[in-house]
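The lines below spell out each chain.
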Amino acid sequence: ILNEILLVVPVSFAIVILSIIFYWQEIDKKEPVFVFLSSLTLCGLAFVCVGNFELGYMRDWDTAAQFLIPLHILALYFLHQFFKTKLHIVFSLVGIMLLQSGLWIALNASEEKSFQRFQAGESTLFMNDVVRGYYYDQIGQYYEKKKQLDSSAVYYEKSVSFLLRNTSIWTRLEAVYDTLSTSGKNSSVYKSKEMEFRKELIEKLELKKSSPDENFIFLCEELGYRYYEIKDYENAIKYWSKSFEDGKGSFSTLKDLASVQLLTWKFNDAVDAFSIYNQNINASAVTDSSAIMWEEIAKYFVELQKSGTDSLTIQNEFEKYVNLKK
């Protein structure tokens, strides 16, 4: 916040503070102009205090600068009040204020140069993981806007490595992957890049954690759904099972896991998954009657397999009861 003020309105800020310190007794605090300008200035400063501009795009401080215009006007008001007979001082200070504003505008006039300065902050030690994640996201958005999608993908990947559950950044990354997979020299590389990248993150988390954490669960669930969408049911089961192996995953995912296990004739596993789901969801009151029905159907097929029923008969029964084809 102080950085924002010192960069945008340093001279005006200093004039206002010094005027309040040294001329407070001489200020007519009931004068309408003073009351009006003071109120506007306080509102502008309040907005700057609640806005987190360090996480914004390279020139977002320019957006915030307009809320500090009342501070400029209040500074001019004080100069007029206390230096009426010394106009040369007033004009000198106004010139300094304009010079500072002119330099600020000039520095930010070139988007490319502004971006270079923004990118130079990558090596700073004063970023926590959240700030760094959003920092990389902004760079990724810049490259995406410039149609430099290879570079955009690199920075989006860095971003989600710090913000693993930020679905907005994942969506942007997926869109870039989709575009790259249908165009460009390396289109074949990006066709399965998203799922490969998710697997890499999962493997890294598995090495760090003795048991799944929320990030691990989220990545496994999402990757399972990606495999489910392309009908790769074995991998969908693999990653959904990982997401629930510590009993902390989503019950909606557990139900989907049980359904796919039933679909792929893993009847014993389906019974176990539906049983856990029903014990948690339908224990005190039935809120999902379909899950109870599917558990009974899965048990029926377990009994058929145990009785030595041939696969053709099981398949016919499966299509009859479940209305699905293997």
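For the structure, see preceding data.
Anyway, here's the lowdown on the structure attached to this text. (Residues numbered from 1 in each chain as written. Predicted model: local features only at pLDDT ≥ 70, side-chain atom pairs only at ≥ 80, totals over all residues. Heavy atoms only, no water.)

**Description of helix α10 (residues 167-182)**
Put simply, the test is: A run of H or I in DSSP becomes a helix once it reaches four residues, and a run of E becomes a strand once it reaches two; helices and strands are each numbered from the N terminus. Multiplying one less than the number of residues by 1.5 Å gives the expected span of a helix. Exposure classes here rest on a 1.4 Å probe applied to the protein chains alone. A residue is buried below 20% of its type maximum, exposed above 50%, and partly exposed in between. This arc corresponds to the set of directions leading from the helix axis out to the C-beta atoms.
Taking 1.5 Å of rise per residue, 16 residues should cover 22 Å, and α10 covers 23 Å from first to last C-alpha, within 8% of that figure. Taken together, the buried positions of α10 are occupied by Ile169, Trp170, Leu173, Glu174, Val176, Tyr177, Leu180 and Ser181. The buried residues of α10 occupy one face: seen down the axis, they fall within an arc of 165°.

**Some words on a nonpolar patch on the surface**
Put simply, the rule reads: In this scheme, patches are assembled from residues that exceed 30% relative accessible area and form no salt bridge. Like charges are connected within 9 Å, while nonpolar side chains (Val, Leu, Ile, Met, Phe, Trp, Tyr) are connected within 5 Å. Under the convention used here, a 1.4 Å probe and the Shrake-Rupley method define accessible areas, while residue burial counts only the protein chains that appear. Within this document, salt bridges are pairs made up of a side-chain nitrogen of Lys or Arg and a carboxyl oxygen of Asp or Glu, the two lying within 4 Å of each other.
A cluster of nonpolar side chains, Ile17, Leu18, Ile21 and Phe22, forms an exposed patch at the surface whose accessible area comes to about 410 Å². The topology assignment puts Ile21 in helix α2 (residues 10-23).

**Some points on the packing of aromatic side chains**
For clarity, the threshold we go by: Centre distance within 6.5 Å is the pairing criterion for rings of Phe, Tyr and Trp, where only the six-membered ring of Trp is used; planes under 30 degrees apart are then read as stacked, over 60 as edge-to-face, and the remainder as tilted.
In the structure shown here, the tally under the stated rule is 20 aromatic pairs. Judged by centre distance (5.7 Å) and plane angle (50°), the ring pair of Tyr228 and Tyr233 falls under tilted. When the ring of Phe267 is compared with that of Phe318, the centres are 6.2 Å apart and the planes differ by 50°; the resulting orientation is tilted. Separated by 51 residues along the polypeptide, Phe267 in helix α15 (residues 267-281) and Phe318 in helix α17 (residues 311-322) bring together distant segments of the chain.

**Remarks on the nonpolar core**
For clarity, the cut-off: In this text, buried Ala, Val, Leu, Ile, Met, Phe, Trp, Tyr and Cys residues form a nonpolar core when linked through side-chain atoms within 4.5 Å. Any pair of residues with heavy atoms lying within 4.5 Å of one another is described as a contacting pair.
Grouped together as the largest cluster of nonpolar side chains are 48 residues, with contacts concentrated most on Trp170, Leu173, Leu219 and Phe267. Beyond its immediate sequence surroundings of up to four residues, Phe267 is in contact with Gln261, Leu262, Ala298, Phe301, Val302, Gln305, Ile314 and Phe318. Val11, Val48, Ala65 and Leu74 belong to the second largest nonpolar core, which has 18 residues in total.

**Examining the side chain of Glu157**
Assignment of secondary structure puts Glu157 in helix α9 (residues 149-162). Looking at Glu157, the relative accessible area reads 15%, which means it is buried. With residues up to four places along the chain from it excluded, the contact list for Glu157 reads Leu173, Tyr177, Lys193 and Phe197.

**With respect to the side chain of Ser243**
With respect to the element layout, Ser243 can be found in helix α13 (residues 233-243). The exposure class of Ser243 is buried, given its relative accessible area of 1%. Ignoring any residue separated from it by four or fewer positions in sequence, one finds Ser243 in contact with Ile217, Cys220, Glu221, Gly249 and Thr253.

**Regarding helix α16 (residues 289-306)**
The end-to-end C-alpha separation of α16 is 26 Å, in line with the 26 Å expected for 18 residues at 1.5 Å each. Here α16 has its buried residues at Ala291, Glu295, Ile297, Ala298, Phe301, Val302 and Leu304. Just downstream of α16 lies Gly308, where phi reads positive at about 80°.

**Here we look at the environment of Ile217**
Its location among the elements puts Ile217 in helix α12 (residues 214-229). Overall, Ile217 belongs to the buried group, its relative accessible area being 9%. It is 7.4 Å that separates the C-alpha atoms of Ile217 and Phe244, two residues lying 27 residues apart in sequence.

**Observations regarding unusual backbone geometry**
For residues that are not glycine, phi is negative in most cases, and the peptide bond is trans in most cases. Despite not being glycine, Lys231 has its phi angle at roughly 65°, a positive value. Among the secondary structure elements, Lys231 is positioned in the loop between α12 and α13. In this structure, Trp265 takes a positive phi of about 65° despite not being glycine. Inspection of the secondary structure puts Trp265 in the loop between α14 (251-263) and α15.

**Points about the packing of helix α8 (residues 129-145) against α10**
For any two helices packed against each other, one specifies the inter-axial angle together with the distance between the axes. Note the cut-off: Comment: axis = line fitted to C-alpha atoms, over the contacting stretch for helices; angle = value between 0 and 180 degrees taken between N-to-C directions. Handedness of a helix crossing follows the sense of rotation of the near helix relative to the far helix, less than a right angle counterclockwise being left-handed and clockwise being right-handed. Charged means Asp, Glu, Lys or Arg here, nonpolar means Ala, Val, Leu, Ile, Met, Phe, Trp, Tyr, Cys or Pro, and polar covers whatever is left, Gly included.
Contact geometry for α8 and α10: axes closest at 11 Å, N-to-C directions at 30°. Two packed elements cross with a definite hand, and for α8 against α10 that hand is left-handed. Here α8 contributes Asp137, Gln141 and Glu144 to the contact with α10, which in turn contributes Ile169, Arg172 and Val176. Considering only residue class, the contact of α8 with α10 consists of two nonpolar, one polar and three charged.

The values reported here are purely geometric and, on their own, carry no functional implication.
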